[in-house]
Amino acid sequence: MKILVAEEAGFCFGVKRALKLINEYHRQGKKIQTYGPLIHNVPVLNDLAAKGVGHVSSLAGIARSKTLCISTHGISRDIERRLRRRGVPTLDATCPLVKKSQKIIERLDKAKSRVLIVGDKDHPEIVAARSYAGNVKIINSLAEARALPRSREISVVAQTTLNTEFFKEVIGVLMEKAETLHVFNTICQATRDRQEAVRKLAPSVDAILVVGSRMSSNTKKLFQIAKEKNPNAMQIETCADLREKRTQARLKRFDTIGLSAGASTSPQELDNVKNFLQKL
Ligand code: F3S
């Protein structure tokens, strides 16, 4: 069996940066906890927990003795204000590209522009992003784009992990909705590279595995693209998902298997999967 790994896969710059920040703090013997999971990846979160770095899901859970690390997805302005008021020491691991998108939204709001965010309204990144504008609407489907009223002017930004092709389709619909359309392509380069690599690899292999959490937005998008390009696409969270005999029997039928991984999947996890497949 031949295993081909996508040209771009696994940990992105924002995740590496966040883990580096936390590990430096930990090495200095500082006690730290994160606000929400640092990233959407269970093995990485388990590693952090083993070092004593757990996460809290509400302000009430914050331990006074620890520094609070803000996750790569960022936090809302309201939470930021409340943390400041309480004097909670923080370590900001928000991805700079998420921050950049927040700044764009803030600037547009100040200029009184109508802001449209394309993304998942329940994802922590979008929960935080929407707090940067008063007049904001979130959509996540072509039907929602089509249902928008006509406007004189719309400014549109994307969730950093959005499917690039889907964003282009939404923009196509919005062109009919506004006299002036300002498009900010805030899909990050790491997302674009990983999606492009999967688009290239998926049609050239018999089957493709996308490794990453089902909670991870960018992994979900990679799997979506893989499925569009290859009927034998599967998403697994870790190597343990390959232990089932039925799954192994299915995989053994293929001569070439492609591998891709979300931006929060570690290189070790990708290697584990690759080694497991090679031994099949
Ligand atoms: Fe940042 Fe993009 Fe990764 S926004 S956290 S570089 S997926």
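See the structure shown above.
Residues numbered from 1 in each chain as written. Predicted model: local features only at pLDDT ≥ 70, side-chain atom pairs only at ≥ 80, totals over all residues. Heavy atoms only, no water.

**Looking at the packing of aromatic side chains**
As enumerated under the stated definition, the model contains zero aromatic pairs in all. For Lys30, the ring lying beneath its charged end belongs to Tyr25, and the centroid distance is 4.4 Å. (Phe/Tyr/Trp six-rings, centres within 6.5 Å; stacked < 30°, edge-to-face > 60°. Lys NZ or Arg CZ within 6 Å of the ring centre and 35° of its normal.)

**Overview of unusual backbone geometry**
Phi at Lys112 takes a positive value of approximately 65°, unusual for a residue other than glycine. Take Lys112: it is sitting in the loop between α4 (96-110) and β6 (115-118). (Helix = DSSP H or I, 4+ residues; strand = E, 2+ residues; numbered from the N terminus.)

**Brief notes about the nonpolar core**
Membership of the largest hydrophobic core comes to 20 residues, with the highest contact counts inside it found for Val15, Leu19, Ile22, Ile32, Leu38, Leu48 and Cys69. With residues near it in sequence (within four places) discarded, Ile22 still touches Thr34, Leu38, Leu48, Val53, Cys69 and Leu91. By size, the runner-up hydrophobic cluster in this structure holds 18 residues, among which are Leu116, Leu142, Val156 and Leu174. (Core = buried A, V, L, I, M, F, W, Y, C linked by side-chain atoms within 4.5 Å. Buried < 20%, exposed > 50% of the residue type's maximum accessible area, 1.4 Å probe, protein only. Contact = heavy atoms within 4.5 Å.)

**Remarks on the sheet that holds strand β5 (residues 90-92)**
The four strands are arranged β3-β2-β4-β5 in an open sheet whose pairing can be described as parallel. If you trace the sheet from one side to the other, it starts and ends with β3 (55-56) and β5, each paired once. Where strand β2 (residues 32-35) lies against strand β4 (residues 67-70), four bridges are found, and the strand directions are parallel. Within β4, the position partnered with Gln33 by the bridge is Leu68. Docked against the sheet, helix α1 (residues 13-27) engages β2, β4 and β5, running at close to 150° with respect to β5. (Pairing = 2+ DSSP bridges. Axes fitted to C-alpha atoms, helices over the stretch in contact; angles between N-to-C directions.)

**A few points about the sheet that holds strand β8 (residues 151-158)**
Pairing is parallel across the open sheet formed by four strands, whose spatial order is β7-β6-β8-β9. The open sheet has two free edges, formed respectively by β7 (136-139) and β9 (178-184), since each of these has just one partner strand. Direction aside, the axes of adjacent strands within the sheet are offset by 25° on average. Taken together, the six bridges between β8 and β9 define a ladder with parallel strand orientation. From the neighbouring strand, Val157 faces β9, where its bridge partner is Phe184. Docked against the sheet, helix α7 (residues 164-174) engages β6, β7, β8 and β9, running at close to 160° with respect to β9.

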